[in-house]
Amino acid sequence: MGRGKDEKAATGVGRGSVPVTAVRPGEDSRALADWGTRTDPEQYRREQRENIRRLLREGQVEEVRSMAAGGTADAEARLAEYYAEQGQWEKLASLRADRSTPHLVELLRLVVDPGEMPLEAAVKVWQVRILAHEEEAFQHLIDLLHERGRADHAIDVLRAAAGAPPAWRQRLDWTEWRLRVLLLLRAGRIVEALAMADDATTRSWLAPVLAEQGHIDALRTLGGPGETSFALRLARTLAAHGRLDEGLAIMTQRIDADEEYAYEWTIELLVELGEADRALQLRRKRGHKRRSPVDTSDFHLARLLDEQGRHEEAIGVLRSEGSAPRQLAELLAGVGRMEEAMVVLDAAQNDTRWQHVTDELAEHQAALLARYGKVRELRDRAANGRPAHRQIMRAHLARAQATTTEGR
């Protein structure tokens, strides 16, 4: 949700600090509560990549090197490009030295255009980018193999290198295994691709590839009883192809078999698709089914309902869920039920689950009262409320009164 330009989130603020104001959702949203910012993994990675490039332009190579050492794959890929641009061949060669992909390197030598740098340097840059999971680099390699008539040769090279199952898991790097599977699928050789998945690990590798390419029938063969993640991937793929009912039927079978995560993952899928009514129906019929200790499906369903303007239904979901007092209070206050909102936040401050964030809850309580002009209630809490939080209430009261005076 968007924040006003002078507003700060009501979290992480200790007693006696500058008061905050209640967060308002964005003007284009129908939501009453602030649910936090949705994370877009692709956007995050693009921003991270650009930030790393900026650091290198500013000469902060050591910082990028430290990021790479800490496991940031994009940092290593950008370092490879940087070392190549600077002609620092020894440093370039040192990257990913612990990862053996001889067959990938052999195929890269066949198709990579080195430009002005040595061939081995260009190959190394591509190898590091691919091992850093840069999908565009991986797909470009496949395109080049096809454009230059080397795709069948690549399949043969990787088949010879792999040997017979299950030896390929020892003889092929995951990237090489994935390259062969993608080449086989692009050539329509699905049976051969399926043969590459002969255990739980390789089936988990193959499932997302089949899903990305819409091979639904092949995907059906992968997941056995208890393998809920395969069922979810199949359901999501079916939904993407307009066959949501089939996908839900598959997940419902898993829910009824009491597979862990099956219920909450199905709710999450429906929330992703904006199917609030279906999610509510499933919750009514099977909400009693097994859930994991980290289930957040009710929270996300309530968020969707709030964003759709269905505030009372969102309140109903959160009341039974019990782990989002801040959002529940915001919803109650937003529909004019301020007294109930205060009861929710008072109860949370007495709940051992929230014992480490009671100051933040009090800050939010005060901010809600100020936001909705409940100065009398705020004044009463500043004078007679929980002693530990009276200063928070006084700070918000002073700000609310100052704002009222300025407006006259």
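What you are looking at is a predicted structure, and each value in this text was computed from that prediction instead of being measured.

Asker: Give a description of the overall build of the protein that names residues and reports values.
Answerer: For the protein, the count of helices and strands is 24 helices and 0 strands. Per-residue burial for the protein yields a buried fraction of 48% across its 408 residues. Here the contacts in the protein between residues at least 6 apart in sequence split such that 59% fall between residues at least 24 apart. When the accessible area of the protein is evaluated, it comes to approximately 20,400 Å², of which 48% is carbon and sulfur surface.

Asker: Help me get a handle on the packing of aromatic side chains, residues and values and all.
Answerer: For the structure on display, the rule yields 3 aromatic pairs. Ring plane angle 75 degrees and centroid distance 5.0 Å describe the contact between W35 and F299, whose orientation is recorded as edge-to-face. Of this pair, W35 sits in the segment before α1 (41-57) while F299 sits in helix α18 (residues 297-307), and the two are 264 residues apart along the sequence. Exposure class is identical for W35 and F299. Each is buried. Cation over ring: R129 sits above W126, and NZ or CZ is 5.4 Å from the ring centre. Sitting over the face of the ring of F138, R178 holds its NZ or CZ atom 4.7 Å from the ring centroid.

Asker: Talk me through the pattern of salt bridges; I want residue IDs and the actual numbers.
Answerer: As enumerated under the stated definition, the model contains 43 salt bridges in all. With its nearest N and O atoms 2.5 Å apart, the salt bridge here joins R319 to E340. Of this pair, R319 sits in helix α19 (residues 311-321) while E340 sits in helix α21 (residues 338-349), and the two are 21 residues apart along the sequence. In this structure R319 comes out as partly exposed when scored by relative accessible area, which is 41%. Residue E340 is classed as partly exposed on the basis of its relative accessible area of 29%. One continuous salt-bridge network, built from bridges that share partners, spans R45, R49, R53, D74, R78, E81, R129, E134 and E136.

Parameters at a glance
- Here the residue numbering is sequential within each chain, running from 1 through the sequence in written order.
- In view of the model being predicted, local features appear only for residues whose pLDDT reaches at least 70, and side-chain atom pairs are presented and counted only at 80 or more, with totals across whole chains, interfaces and linings using the full set of residues.
- Only heavy atoms go into the side-chain values, all of them from the structure, while hydrogens and water stay out.
- Secondary structure elements are taken from DSSP: a helix is a run of H or I of four residues or more, a strand is a run of E of two residues or more, and numbering for both begins at the N terminus.
- Here's how the labels work: a residue is buried when its accessible area is under 20% of the maximum for its type, exposed when over 50%, partly exposed in between, all with a 1.4 Å probe on protein chains only.
- Only heavy atoms matter for contacts: two residues are in contact if any of them lie within 4.5 Å across the pair.
- Method for areas: the Shrake-Rupley scheme with a 1.4 Å probe, in which residue coverage is limited to the protein chains shown.
- Stacked, tilted and edge-to-face pairs are distinguished by plane angle, under 30 degrees for stacked and over 60 for edge-to-face with tilted covering the rest, among Phe, Tyr and Trp rings (Trp via its six-membered ring) whose centres lie within 6.5 Å.
- We count a charge as sitting over a ring when the NZ of a lysine or the CZ of an arginine lies within 6 Å of the ring centre and within 35 degrees of the ring normal.
- The salt bridge definition used is simple: a Lys or Arg side-chain nitrogen within 4 Å of an Asp or Glu carboxyl oxygen.

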